[in-house]
Amino acid sequence: MHTTGRQIVLAARPTGTPKSTDFRLEEVAVPEPGDGEVLLATRYLSLDPYMRGRMDDRKSYAAPTPVGGVMEGEVVAEVVRSRHPDYGIGERVLARLGWRTHAVCDGTELTKLDSRFSPVTTALGVLGMPGMTAYTGLLTIGKPQPNQTVVVAAASGPVGSMVGQIAKIKGARAVGIAGGAQKCAFVKGELGFDAVVDHRSPDFADELAAACPNGIDVYFELVGGGVWQAVMPLLNQFARVPVCGLIAQYNNSGQPEGPDRLPATMREVLSRSLTMRGFIVREFWDQRPAFVDEVSAWISDGRVRFREDIVKGFANAPEAFIGMLDGRNFGKLIVEIDED
Ligand code: NDP
């Protein structure tokens, strides 16, 4: 057992795209669990786009990470010492430890992982927060009907891939948007979307229109920016837009360049009776048991597939995270911790 653990803190607030110097790797003493506590060792750290928001000092739905504070995040951890009656050594749990290799916990806010989470990394992706985001946002807000068209970008990632696959299960037509030939081939060939369009293509807007001959009934918004501009003219009357993420804008500081498009957008919302509804997944947390039951069954019977992008080595977390904001991940991005 190591006596020294590691953590990654926010060294500086980024301007635009984060740099590796905005993070700092620190060595810290591994704490001892007291009575009623466990010592957890992180096995897998989830890297998620929302972490970019925490790096800015901006009013949002969650408080910013202070400069010098440990980066936030969810992990799969293993109990390595226990002085808690409910947790035995070797048990795997889901915990919000942040970017740390070790932490002591009193058992509150730990979720035990049963055999449905196989491999255990699914607790961070398809059966975790991103999968649940897709499930709740699509079914509660998007409400896809048979033969309707559902469009989603970042379609090879953990949220987008689930949106399209659940849309298919509900009898809708799924159109994915992804960056590059490899991701597009995966979305259509492996995930079974009906069509896929590469947002990097110079003819993206025309190709999207051709892939949606009956317009768009549900647009599950994950990226914003130019993708939204191409989608908006294709939205049908009464279309639903769950507004879940705007990753194309996360590295912007200040106002976007170009004309103010809000008046034109509002005109479309009015004239086509659109429903746009923002949400943060935690508002639907009461649906977690139903989500895990239903999606684990879909995985077992082959109706849902998933892809994970596992980066080895705790120290590689910052580079992997920076790459994800630019689409360099291919599947749910997870860091495997290579130490005791
Ligand atoms: P992904 O693993 O899919 O990674 C992000 C992907 O976004 C990249 O791989 C890239 O895919 C795509 N992307 C990045 N920049 C652009 C761009 N300019 N235009 C188009 N696509 C871009 O992430 P997640 O599935 O974890 O998250 C997807 C979205 O969902 C994020 O916006 C995230 O913030 C949001 N989210 C919201 C939650 C909520 O509660 N509201 C909860 C969880 C996630 P590609 O190479 O294919 O373009």
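Procedures and definitions
- Residues numbered from 1 in each chain as written.
- Predicted model: local features only at pLDDT ≥ 70, side-chain atom pairs only at ≥ 80, totals over all residues.
- Heavy atoms only, no water.
- Helix = DSSP H or I, 4+ residues; strand = E, 2+ residues; numbered from the N terminus.
- Buried < 20%, exposed > 50% of the residue type's maximum accessible area, 1.4 Å probe, protein only.
- Axes fitted to C-alpha atoms, helices over the stretch in contact; angles between N-to-C directions.
- Parallel < 35°, antiparallel > 145°, perpendicular 65-115°, else oblique.
- Contact = heavy atoms within 4.5 Å.
- Nonpolar A, V, L, I, M, F, W, Y, C, P; charged D, E, K, R; others polar.
- Domains from an automatic or database assignment.
- Buried area = accessible area lost by both parts, 1.4 Å probe.
- Salt bridge = Lys/Arg side-chain N within 4 Å of Asp/Glu carboxyl O.
- Polar contact = N/O pair within 3.5 Å; in protein donor to acceptor, adjacent residues only side chain to side chain.
- Phe/Tyr/Trp six-rings, centres within 6.5 Å; stacked < 30°, edge-to-face > 60°.
- Lys NZ or Arg CZ within 6 Å of the ring centre and 35° of its normal.
- Pairing = 2+ DSSP bridges.
- Left-handed = near helix turned anticlockwise from the far one by under 90°.

Asker: Just give me the short version of unusual backbone geometry, but keep the residues and values in it.
Answerer: Note the cis peptide between Ser118 and Pro119, where omega equals -5°. In this fold, Pro119 is placed in the loop between β7 (111-112) and α2 (129-142). Although it is not a glycine, Asn147 adopts a positive phi angle of roughly 70°. Within the secondary structure, Asn147 is located in the loop between α2 and β8 (149-152). On the basis of relative accessibility, which here comes to 67%, the residue Asn147 falls in the exposed class.

Asker: Could you give an account of the packing of α2 against helix α8 (residues 288-300), with specific residues and numbers?
Answerer: The contact between α2 and α8 brings their axes to 10 Å, and the two run at 100°. The pairing of α2 with α8 is recorded here as roughly perpendicular in orientation. Side by side, α2 and α8 meet where Gly131, Met132 and Tyr135 of the first sit next to Arg288, Ala290, Phe291, Glu294, Val295 and Trp298 of the second. Residues of the contact of α2 with α8, tallied by class, amount to six nonpolar, one polar and two charged.

Asker: Lay out the domain arrangement of the protein chain in plain terms, naming residues and giving numbers.
Answerer: Partitioning the protein chain into structural domains gives domain 1 (4-125 + 306-336) and domain 2 (129-285 + 292-298). Distance from the C-alpha centre of domain 1 to the C-alpha centre of domain 2: 28 Å. Contacts between the two partners involve 25 residues from domain 1, matched on the other side by 18 residues from domain 2. Where domain 1 abuts domain 2, roughly 1,800 Å² becomes buried across the two surfaces, and 57% of that area is made up of carbon and sulfur atoms. Considering only the surface of domain 1 that becomes buried against domain 2, Tyr61, Arg116 and Phe330 emerge as the three largest contributors, covering 30% of it. Our count for the contact surface shared by domain 1 and domain 2 stands at one salt bridge. Asp293 is the salt-bridge partner of Arg116, the closest N and O atoms lying 2.6 Å from each other. Joining domain 1 to domain 2, the criterion identifies six residue pairs in polar contact (both at pLDDT 80 or more).

Asker: Now, about the packing of aromatic side chains: what can you tell me, with residues and values included?
Answerer: Counting across every chain of the model gives nine aromatic pairs. Ring geometry for Tyr219 versus Trp228: centroids 6.1 Å apart, planes at 25°, classification stacked. By relative accessible area, which is 0% here, Tyr219 ends up buried. Accessibility expressed as a relative area gives 10% for Trp228, which makes it buried. By the ring-pair criterion, three or more aromatic residues cluster together here, those being Phe23, Trp99 and Phe321. The cationic tip of Arg307 hangs over the ring face of Phe186; the distance from NZ or CZ to the ring centre is 5.6 Å.

Asker: Provide a residue-level description of the sheet that holds strand β9 (residues 173-178), including the pertinent values.
Answerer: Read from one edge to the other, the open sheet built from six strands follows the order β10-β9-β8-β11-β12-β13, with strand pairing classed as parallel. The strands lining the two open edges of the sheet, one partner per strand, are β10 (195-198) and β13 (275-278). Ignoring which end each strand starts from, the neighbouring axes of this sheet average 15° apart. With two bridges connecting them, strand β11 (residues 216-220) and strand β12 (residues 235-243) associate as parallel partners.

Asker: Lay out the packing of α2 against helix α3 (residues 158-169) with the relevant residues and their values.
Answerer: Running from N to C, α2 and α3 cross one another at 45°; their axes reach a closest spacing of 8 Å. Looking at the two axes, α2 sits oblique to α3. Considering the relative orientation of α2 and α3, their crossing is right-handed. When α2 is examined against α3, the residues Pro130, Gly131, Thr133, Ala134, Tyr135, Leu138 and Leu139 are found in contact with a partner set consisting of Pro158, Val159, Met162, Val163, Ile166 and Ala167.

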